[in-house]
Amino acid sequence: MASFEALYGRRCRSPIGWFGVDKAELLGPDLVHHAMEKVKVIQERMKTAQSRQKSYSDIRRRDLEFKEDDWRIGQVAYKLELPPEISLVHPVFHGSMLKKIVGDPSVIVPIGAIEVNEELSYEEIPVAILDRQVQKLRTKEIASVKVLWRNQQVEEATWETDEEMRKKYPYLFE
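What counts, and where the lines are drawn
Residues numbered from 1 in each chain as written. Predicted model: local features only at pLDDT ≥ 70, side-chain atom pairs only at ≥ 80, totals over all residues. Heavy atoms only, no water. Helix = DSSP H or I, 4+ residues; strand = E, 2+ residues; numbered from the N terminus. Buried < 20%, exposed > 50% of the residue type's maximum accessible area, 1.4 Å probe, protein only. Areas by Shrake-Rupley, 256 points an atom, 1.4 Å probe, with all protein chains shown as cover. Core = buried A, V, L, I, M, F, W, Y, C linked by side-chain atoms within 4.5 Å. Contact = heavy atoms within 4.5 Å. Salt bridge = Lys/Arg side-chain N within 4 Å of Asp/Glu carboxyl O. Patch = residues over 30% accessible without salt bridge, like charges linked within 9 Å, V, L, I, M, F, W, Y side chains within 5 Å. Lys, Arg positive; Asp, Glu negative; His and termini not counted. Charge placed at Lys NZ, Arg CZ, Asp CG, Glu CD. Phe/Tyr/Trp six-rings, centres within 6.5 Å; stacked < 30°, edge-to-face > 60°. pLDDT = per-residue confidence, 0-100.

## Structural notes on the overall build of the protein chain
Next, step 1: Helix and strand counts for the protein chain come out as three helices and six strands.
Next, step 2: Secondary structure of the protein chain in N-to-C order comes out as α-α-β-β-β-β-β-β-α.
Next, step 3: Every one of the 174 residues in the protein chain was classed for burial, and the buried ones make up 13%.
Next, step 4: Per element, the accessible surface of the protein chain, about 15,300 Å² overall, is 54% carbon and sulfur.

Set out below in structure tokens:
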């Protein structure tokens, strides 16, 4: 299936079929003239669509600026100096994955405070249940709880299913 047919649900008409049945008597130079007019209309609409897509893209695009001493590998790849404790992490990242952060130094968690295992993951500890909700679907209801998680100095809350939390951490529901 052609992309035009997939997009519009009908076949693309050839230049000869662009005109209605009443104009079927177009032949020779008239046919070429009308076809060229249609091509110009198509080009204008393509430019309009490209401009619209560019404006959508520009909204989400952000310019990344890094300092001169950054470890730039290629046009968009950066190599980071990582501490030996996390030497198993690959140090080269695509520039789009990096974010410039201007933060509060008191919030920075020292790497030693987080216990990372061999699979480069850590165990999260549920602290408390903050909220409850029930989502109603067509045929069933799903109960969820908002859980406050803590791993050393980092805290965040996520929505989890009530059933799984009761299985893994029954002491939270007492």
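There's more to say after this.
## Structural notes on the nonpolar core
Next, step 1: Counting eight residues, the largest nonpolar core is built from Ile129, Val145, Val147, Trp149, Met165, Tyr169, Leu172 and Phe173.
Next, step 2: No other element matches strand S5 (residues 141-151), which puts three residues into this core.
Next, step 3: Not counting chain neighbours up to four residues away, the residues in contact with Tyr169 comprise Glu124, Pro126 and Trp149.

## Considerations on the pattern of salt bridges
Here the idea is simple: oppositely charged side chains can pair when their charged atoms come close.
Next, step 1: A full pass over the atoms with the stated rule returns two salt bridges.
Next, step 2: With a closest N to O distance of 3.6 Å, Lys167 and Glu163 form a salt bridge. Placement of the pair is Lys167 and Glu163 together in helix H3 (residues 162-168), with a separation of four residues, close to one helical turn. Of the two residues, Lys167 and Glu163, both sit in the exposed class.

## A look at a positive patch on the surface
Next, step 1: Together, Arg10, Arg13, Lys38 and Arg45 line one region of the surface with positive charge.
Next, step 2: Examined against the element boundaries, Arg45 turns out to sit in helix H2 (residues 29-60).
Next, step 3: Judged by relative accessible area, which is 61%, Arg45 ranks as exposed.

## Overview of the packing of aromatic side chains
Next, step 1: With the rule as written, the count across this model stands at two aromatic pairs.
Next, step 2: On the basis of an interplanar angle of 80 degrees and a centroid distance of 6.0 Å, the ring pair of Trp149 and Tyr169 is categorised as edge-to-face. Residue Trp149 is found in strand S5, and its partner Tyr169 is found in the segment after H3; the two are separated by 20 residues along the sequence. Side by side, Trp149 and Tyr169 carry an identical accessibility label, which is buried.
Next, step 3: Between Tyr169 and Tyr171, the aromatic rings sit 6.3 Å apart at their centres with planes inclined by 85 degrees, giving edge-to-face as the arrangement.
Next, step 4: Of the residues examined, Tyr171 reaches a relative accessible area of 46% and is grouped as partly exposed.

## Quick look at the side chain of Ser144
Next, step 1: Along the chain, Ser144 falls in strand S5.
Next, step 2: Residue classification places Ser144 among the buried residues on the basis of a relative accessible area of 8%.
Next, step 3: Residues in contact with Ser144, not counting those within four places in the same chain, are Asp131, Arg132, Gln133, Trp159, Glu160, Thr161 and Asp162.

## Brief notes about the confidence of the model for the protein chain
Next, step 1: Per-chain confidence: the protein chain averages 77 in pLDDT, with 74% of residues scoring 70 or above.
Next, step 2: Here strand S1 (residues 71-72) stands out as the least confident element of the protein chain, with mean pLDDT 62; H3 is the most confident, with 91.

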